[in-house]
Amino acid sequence: CDWSSDVCSSDLGALPDSTMGLGYVDARTAGHNILRIVAFVSGSLAGLLLVIALVLAILSRTSAFQIKSIETYDTEHVTAEDVAQLIRLEPGATLLNVDVEAVEESVLNNPWIASVEIQNVFPDRLLVRTKERKIGALVAMRLGGICWLLGDDGVWIEPTRMEAVEGASSDDVALAEAERLGVIMIYDVPASVSPVAGSASTDAPILAALSFHQQFPKAFRDLVVSYAAPDDEGISCILESGVEVSLGTPTNVEAKVAVAQKILEEYAGQVTYVNVRVPSRPTYRRVGSSYVQQGTGATGVAVDEESDFASYPQREPEETEDEATDGYLGDAEDDWWYDYDDYSDYDYDGYDGYDGYGYDDYGAGYDDAY
């Protein structure tokens, strides 16, 4: 560019040699100079980094920055001493050569610990902070009154024993403990469930129950106190009112919740059992009495103070012409003498236990087939 005349040329080769070094800059020469500078700087940085690496390598093999203390902290279930005892350092370990991954792995051997943060504090301190795993569920095993704490990330934490007391079963005690911890209870799990502390649960019934809980909208999830998980296809939940909701597999969850909520709202205080395994064909148990009490939440049993079902005669079902007008639907196989309509308009095949799979004995199990 000729700065004196505001004229620029893109053809450097066309400029006269006499103009070089006057009001013009040779771009080719400038580019070569820049490359020389970059190469020099890069070489210098590479040399500096090499020197630093050599110095660190030498220092890591000396007593400089040798770890003299490890700082740990208490959490709710793990003491600072517990954490310190898990850490095993090689003799003479320094802040420069300590195997951080090995330290983290050793600390994570405690199933209560979900994550570890390690920080070097020069010249000689190693700072170890831990974050506890949160409890997500209390799982009651079938035998021995043993329950397992399950993390909210699906990792087994540790077992705990629930002793039955006068007037309360071990499941009742476990439910009270789950409520104290603010978590759900999972019970009636198969014997194949065999927890290992620190390992993620791979048991299909447990995963199915957790899947339901995670998919439920918050308003409905907050009503659930426990899940029965005999297998992954027969999940049911117990609401805080004591009503049992049979769910089946964790599919069509949104539709199942919508149908269950509609039935619960329509027959508030009168329903003890809702079956939404097939949301397009729901069934429910409705007690005719207005004295239905809240259940325990562990078994889903609701009490009718007005009637003692066990005292009613177990006579053969009778078909009557005015059965429908009396509010008892079905093909004469409905347990109508109990004064409640088990499955409303869905007494298919004339049976009380959902599509002809057996009778409902109310007390000997809701449905023998399930």
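The present account deals with the structure reproduced in this document. (Residues numbered from 1 in each chain as written. Predicted model: local features only at pLDDT ≥ 70, side-chain atom pairs only at ≥ 80, totals over all residues. Heavy atoms only, no water.)

### Brief notes about helix α4 (residues 170-181)
Helical geometry: 3.6 residues make up each α-helical turn, so side chains three or four residues apart lie on a common side. For clarity, the threshold we go by: Every helix listed is a DSSP run of H or I at least four residues long, and every strand listed is a run of E at least two residues long, numbered separately from the N terminus. Each helix should span, by expectation, one fewer than its residue count multiplied by 1.5 Å. Every residue pair with non-hydrogen atoms within 4.5 Å of one another is taken to be in contact.
Under the 1.5 Å per step criterion, the end-to-end length of α4 is 16 Å for twelve residues, consistent within 8% with the ideal 16 Å. Considering only its buried residues, α4 is in contact with β4 (135-140), β5 (146-151), β7 (184-187) and β8 (224-228). Looking at the residues trailing α4, positive phi occurs at G182, about 75°.

### A few points about the pairing of β4
Each regular strand shows side chains that alternate between the opposite faces of the sheet. To keep it simple, the criterion reads: The pairing criterion for strands is at least two bridges between them, as found by DSSP.
Looking at chain direction, β4 and β5 are connected through five bridges and run antiparallel. Bridge assignment links V139 to a residue of β5, and that residue is W148. What sits between the antiparallel neighbours β4 and β5 is a turn of five residues, in which G144 has the positive phi angle 80°. Here three bridges tie β4 to β7, and the two strands are oriented parallel to one another. Bridge assignment links A137 to a residue of β7, and that residue is I184.

### As for the sheet that holds strand β1 (residues 69-71)
Where we set the bar: Every axis corresponds to a line fitted to the C-alpha atoms, with the helix fit spanning only the stretch in contact, and the corresponding angles, defined between N-to-C directions, vary from 0 to 180 degrees.
Within the open sheet, the three strands sit side by side as β1-β3-β2. Their pairing is mixed. Looking along the sheet, the strands with just one partner apiece sit at the ends: β1 and β2 (113-121). Taken pair by pair, the neighbouring strands of this sheet meet at an average axis angle of 20°, ignoring direction. One ladder, built from three bridges, connects β1 with strand β3 (residues 125-132); its direction is parallel.

### A look at the packing of aromatic side chains
Filter applied, for reference: The aromatic pairing rule takes the rings of Phe, Tyr and Trp, using the six-membered ring of Trp, and pairs them if the centres are within 6.5 Å, calling planes under 30 degrees apart stacked, those over 60 edge-to-face and the rest tilted. Only protein chains enter the calculation, and the probe is 1.4 Å; a residue is then buried if its accessible area is under 20% of its type maximum, exposed if over 50%, and partly exposed in between.
Enumeration according to the criterion identifies six aromatic pairs in this entry. With 5.9 Å between their ring centres and 40° between their planes, F212 and F216 make a pair best called tilted. Comparing F212 with F216 shows no difference in burial state: the two are buried. Linked through ring pairs, F212, F216, F220 and Y227 together constitute an aromatic cluster.

### Description of helix α7 (residues 253-266)
Applicable threshold: Directions are taken from the helix axis to each C-beta atom, and the arc is the one they span.
Along its 14 residues, α7 runs 20 Å from first to last C-alpha, staying within 8% of the 20 Å computed at 1.5 Å per residue. Residues V253, K256, V257, A260, I263 and L264 constitute the buried set of α7. Relative to the axis of α7, the buried residues are bounded by an arc of 135° and lie together on one face. Exposed residues on α7 whose side chains face more than 90 degrees from its buried face are E254, K262, E265 and E266.

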